Amino acid sequence: MKIRLFVVAIVAIAGGARLLGHHSFAAQYDSSKAIRLTGALTRVEWTNPHTYFYLDVKDEGGKVVSWGCEAGSPGALSRRGFKRGDLKIGDTIVVDGYRAKDGSHLIDARRVTLSDGRIVSGASAGDGGPQ
């Protein structure tokens, strides 16, 4: 009986952690704080449930600041024509999105202009964020 209770507790904890990992737009981002970043791509994490990529962006003072950009799942991005190979380290890209509520250097990447000029949607479908 104790073993069964232990297994149920572990499954509940693991399931809860997974639910906390996946969030809606409004839980983390502020739709009143639109931002455009232009910078050099430094890292790509093409993983589920969200893709992350990172840019080095110069601020007004010329200081380089590293920004994280959260996009949709790899499968959703691929279905929209946004492939992993489109993001090449060192490329300069433009990302339009919304800042994290906590003020960190993280944005929800709604629209990405790739180095070849193509514009792709980085949004997570159905996340409650601005279209």
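Parameters and conventions
- Residues numbered from 1 in each chain as written.
- Predicted model: local features only at pLDDT ≥ 70, side-chain atom pairs only at ≥ 80, totals over all residues.
- Heavy atoms only, no water.
- Helix = DSSP H or I, 4+ residues; strand = E, 2+ residues; numbered from the N terminus.
- Buried < 20%, exposed > 50% of the residue type's maximum accessible area, 1.4 Å probe, protein only.
- Contact = heavy atoms within 4.5 Å.
- Areas by Shrake-Rupley, 256 points an atom, 1.4 Å probe, with all protein chains shown as cover.
- Salt bridge = Lys/Arg side-chain N within 4 Å of Asp/Glu carboxyl O.
- Polar contact = N/O pair within 3.5 Å; in protein donor to acceptor, adjacent residues only side chain to side chain.
- Lys, Arg positive; Asp, Glu negative; His and termini not counted.
- pLDDT = per-residue confidence, 0-100.
- Phe/Tyr/Trp six-rings, centres within 6.5 Å; stacked < 30°, edge-to-face > 60°.
- Lys NZ or Arg CZ within 6 Å of the ring centre and 35° of its normal.

**Topic: the overall build of the protein chain**
Next, step 1: Broken down by element type, the protein chain carries three helices and six strands.
Next, step 2: Listed by position from the N terminus, the elements making up the protein chain come as α-α-β-β-β-α-β-β-β.
Next, step 3: For the protein chain, with 131 residues in total, the buried portion stands at 38%.
Next, step 4: Here the analysis covers contacts within the protein chain between residues at least 6 apart in sequence; of these, 56% occur between residues at least 24 apart.
Next, step 5: Entry remark: accessible area of the protein chain is about 7,900 Å², with carbon and sulfur atoms responsible for 58%.

**A few points about the pattern of salt bridges**
Next, step 1: Taken as a whole and judged by the stated rule, the model has seven salt bridges.
Next, step 2: Linking R36 and D96 is a salt bridge whose minimum nitrogen-to-oxygen distance equals 2.7 Å. Here D96 lies in strand β4 (residues 92–100) and R36 lies in strand β1 (residues 29–45), a separation of 60 residues in the sequence.
Next, step 3: We classify D96 as buried; its relative accessible area is 15%.
Next, step 4: Bridged by salt links that share partners, the residues R36, D96 and R111 form one connected network.

**Overview of the environment of D30**
Next, step 1: Along the chain, the position of D30 falls in strand β1.
Next, step 2: For the pair formed by D30 and D108, sequence separation is 78 residues and the distance between their alpha carbons is 9.2 Å.
Next, step 3: Setting aside its immediate chain neighbours within four residues, D30 contacts F25, Y98, R99 and K101.
Next, step 4: Of note is the side chain of D30, whose polar atom sits 2.6 Å from the side chain of S32.

**Side note on the side chain of E70**
Next, step 1: Structurally, E70 is set in strand β3 (residues 64–71).
Next, step 2: The buried charged residue E70 lacks any salt bridge, with R110 as its nearest oppositely charged partner at 8.6 Å.
Next, step 3: Among the polar contacts made by the side chain of E70, one reaches the side chain of Y29 at a distance of 2.4 Å.

**Examining the confidence of the model for the protein chain**
Next, step 1: Across the protein chain, pLDDT averages 82, with 76% of residues at or above 70.
Next, step 2: Here helix α1 (residues 2–21) is the element of the protein chain with the lowest mean pLDDT, 43, and strand β2 (residues 51–58) is the one with the highest, 97.

**Remarks on the packing of aromatic side chains**
Next, step 1: Following the criterion strictly, the structure yields one aromatic pair and no others.
Next, step 2: Ring plane angle 75 degrees and centroid distance 5.9 Å describe the contact between W46 and F82, whose orientation is recorded as edge-to-face. Highlighted residues: W46 in the loop between β1 and β2 and F82 in the loop between α3 (74–79) and β4, separated in sequence by 36 residues.
Next, step 3: By relative accessible area, which is 14% here, W46 ends up buried.
Next, step 4: In this arrangement the basic side chain of R43 is found over the ring face of Y54, its NZ or CZ atom lying 4.0 Å from the centre.

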